[in-house]
Amino acid sequence: MKFNTKTIHGGQKPEKATGAIVPPIFQTSTYAQSSIGADQEYNYSRGANPTRTALEDSLASIENGTHGFAFSSGLAAIDCVLRTLKPGDEIIAGNDLYGGTYRMFTRLFEKYGLEFTYVNTNSVENISKAITEKTKLVWLETPTNPLMKIADIKAICNTVKDVNSTILIAVDNTFATPYLQKPLDLGADIVMHSVSKYLGGHSDVLMGALIVKDAKLAEELHFIQFAAGAIAGPMDSFLALRGIKTLHIRMQRHCENARAVARFLNAHSKVGTVFYPGLEDHPGYEIAKKQMKHFGGVVSFSLKDESKEAAFNFLENIKLFTLAESLGGVESMVNHSATMSHASMPEEERLKAGITDAIIRLSVGIEDEEDLIADLERTLNL
């Protein structure tokens, strides 16, 4: 099946008992067993739930994986990956990670003996130079949050595996979604999503996901999820599965609107730098064009007046873009990275990564592009 068909039919089948074409919400904690020790698919919902299974099968299908796992949040999914490691193991990660990921790495897992090395992942050489005998995982975001840096997934995977084929490569594919890029096809071992964003698409669900191809890795991740209990509930699974069915048509509009917004901002006299891989002068444009179908729905930019006051004035006066922590909903949202998504990152590290007080992140929704541009123009000209 092609991708647009997979979002609707991939991994899906009518419900057995009634033939319902939409998987029901199985709001149950446990299941009647036919006899002691009987081998049956469902015993207790921490291990599996039919609604969650339907979602996980869909996730595996649209990412071209074989096993999908739905978690209570994106951070719970990341936590599961890190639990495959042991004290003394090293993780190489981007130096402008999502703030919540950075917080988990530095304030939780460093205490448990994991070691982290942060590099600019838009250079394959930066990653290859950082590999040591202790390296067990490379964690990539591409595009990154909020600077929209692009990592060459295939080149990084080839280089890392040439050095040590046992090193796992995980890609946070939240910004791109499988509509735009498929990291497993490019050589990655694990794909992670904050399903709360584009996959859910309606700002009404909190969830994370992992997708893999390797059966042994899938077995390990399933055990950790089962043992730790960070599962997605049936209602959220139902909502996420509904969102996935319209992912392709929503992403088309997100990408169209974002490109129009990026071009508008790039030409405005009060805007400093626009961070959007669909602009030809973006450093990652050629790589993004190669590994992504389109360029995504997130646009970040800085004002020429780089003061925090100027950024706050913009944020307080914009109307159609809702000031919010999240992204990926049908409605447009705006975020001040330094005080919101990356507030947990120490200022010194944040500035070193290039995330200044002047950076504003837009999650461009699916409204009429003329209305969005008019709102931006009005606010910039105040």
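Residues numbered from 1 in each chain as written. Predicted model: local features only at pLDDT ≥ 70, side-chain atom pairs only at ≥ 80, totals over all residues. Heavy atoms only, no water.

Sorry, what's going on with the sheet that holds strand E3 (residues 115-119) here?
Pairing is mixed across the open sheet formed by 7 strands, whose spatial order is E1-E7-E6-E5-E4-E2-E3. Sheet topology places strand E1 (67-71) and E3 at the edges, where each strand pairs with a single neighbour. For this sheet the average axis-to-axis angle between neighbouring strands, irrespective of direction, equals 20°. The sheet contacts of helix H2 (residues 50-62) involve E1 and strand E7 (208-212), and relative to E1 the element is tilted by about 125°. (Pairing = 2+ DSSP bridges. Helix = DSSP H or I, 4+ residues; strand = E, 2+ residues; numbered from the N terminus. Axes fitted to C-alpha atoms, helices over the stretch in contact; angles between N-to-C directions. Contact = heavy atoms within 4.5 Å.)

Please explain the pairing of strand E4 (residues 135-141) as it appears in this structure.
The side chains of a regular strand alternate, residue by residue, between the two faces of the sheet. Counting buried residues along E4, 6 of its 7 residues qualify, which places the element largely inside the surrounding structure. The pairing of strand E2 (residues 90-94) with E4 spans 4 bridges and is classified as parallel. If you follow isoleucine 91 over to E4, its bridge partner there is leucine 137. Bridge analysis of E4 against strand E5 (residues 168-172) gives 5 bridges, and the strand direction is parallel. Looking at E5, one finds that leucine 137 is bridged to leucine 168. Taken together, E4, helix H6 (residues 153-163) and E5 constitute a β-α-β crossover, and its handedness is right-handed. (Buried < 20%, exposed > 50% of the residue type's maximum accessible area, 1.4 Å probe, protein only. Right-handed = clockwise from strand over helix to strand, strands pointing away.)

Is there a simple way to think about the environment of phenylalanine 109 in this case?
Here phenylalanine 109 shows up in helix H4 (residues 99-109). Among the residues examined, phenylalanine 109 registers a relative accessible area of 7% and is labelled buried. Setting aside residues no more than four positions away along its own chain, phenylalanine 109 makes contact with Asp79, Leu82, Arg83, Met104, Leu114 and Phe116.

Quick question: what am I supposed to make of the sheet that holds strand E9 (residues 298-303) here?
One key point about sheets: their strands pair by backbone hydrogen bonds, in either a parallel or an antiparallel sense. Strand order in this open sheet of 5 strands is E8-E9-E12-E11-E10, and the pairing throughout is mixed. The outermost strands of the open sheet, each flanked by one partner alone, are strand E8 (271-275) and strand E10 (322-323). Sheet topology note: the E9/strand E12 (residues 359-363) ladder contains 5 bridges and is antiparallel. Its bridge partner lying in E12, valine 299 is registered against leucine 362.

Would you mind showing me how to read the nonpolar core here?
Considering soluble globular proteins, one finds that nonpolar side chains tend to be buried as a cluster. If you look at the biggest cluster of nonpolar residues, it comprises 65 residues, and the most contacted ones within it are Leu265, Val274, Phe301, Phe314, Ile360 and Leu362. Considering each element in turn, this core owes the most residues, 9 residues, to helix H10 (residues 247-266). Every residue in contact with phenylalanine 314, bar those within four places of it in the chain, is listed here: Phe301, Leu303, Val334, Ile360, Leu376, Thr379 and Leu380. By size, the runner-up hydrophobic cluster in this structure holds 31 residues, among which are Cys80, Leu82, Leu97 and Phe109. (Core = buried A, V, L, I, M, F, W, Y, C linked by side-chain atoms within 4.5 Å.)

Even after reading the chapter, I still don't get the pattern of salt bridges, so can you show me in this structure?
Summed over all chains, the structure comprises 15 salt bridges. Linking aspartate 189 and lysine 161 is a salt bridge whose minimum nitrogen-to-oxygen distance equals 2.8 Å. Placement of aspartate 189 in the loop between helix H7 (177-180) and strand E6 (190-194) and of lysine 161 in helix H6 is noted, with a sequence separation of 28 residues between them. Note that arginine 350 and aspartate 357 form a salt bridge whose closest N and O atoms lie 3.6 Å from each other. A single burial state applies to arginine 350 and to aspartate 357, both of which are buried. (Salt bridge = Lys/Arg side-chain N within 4 Å of Asp/Glu carboxyl O.)

These values are about where atoms sit, not about what they do.
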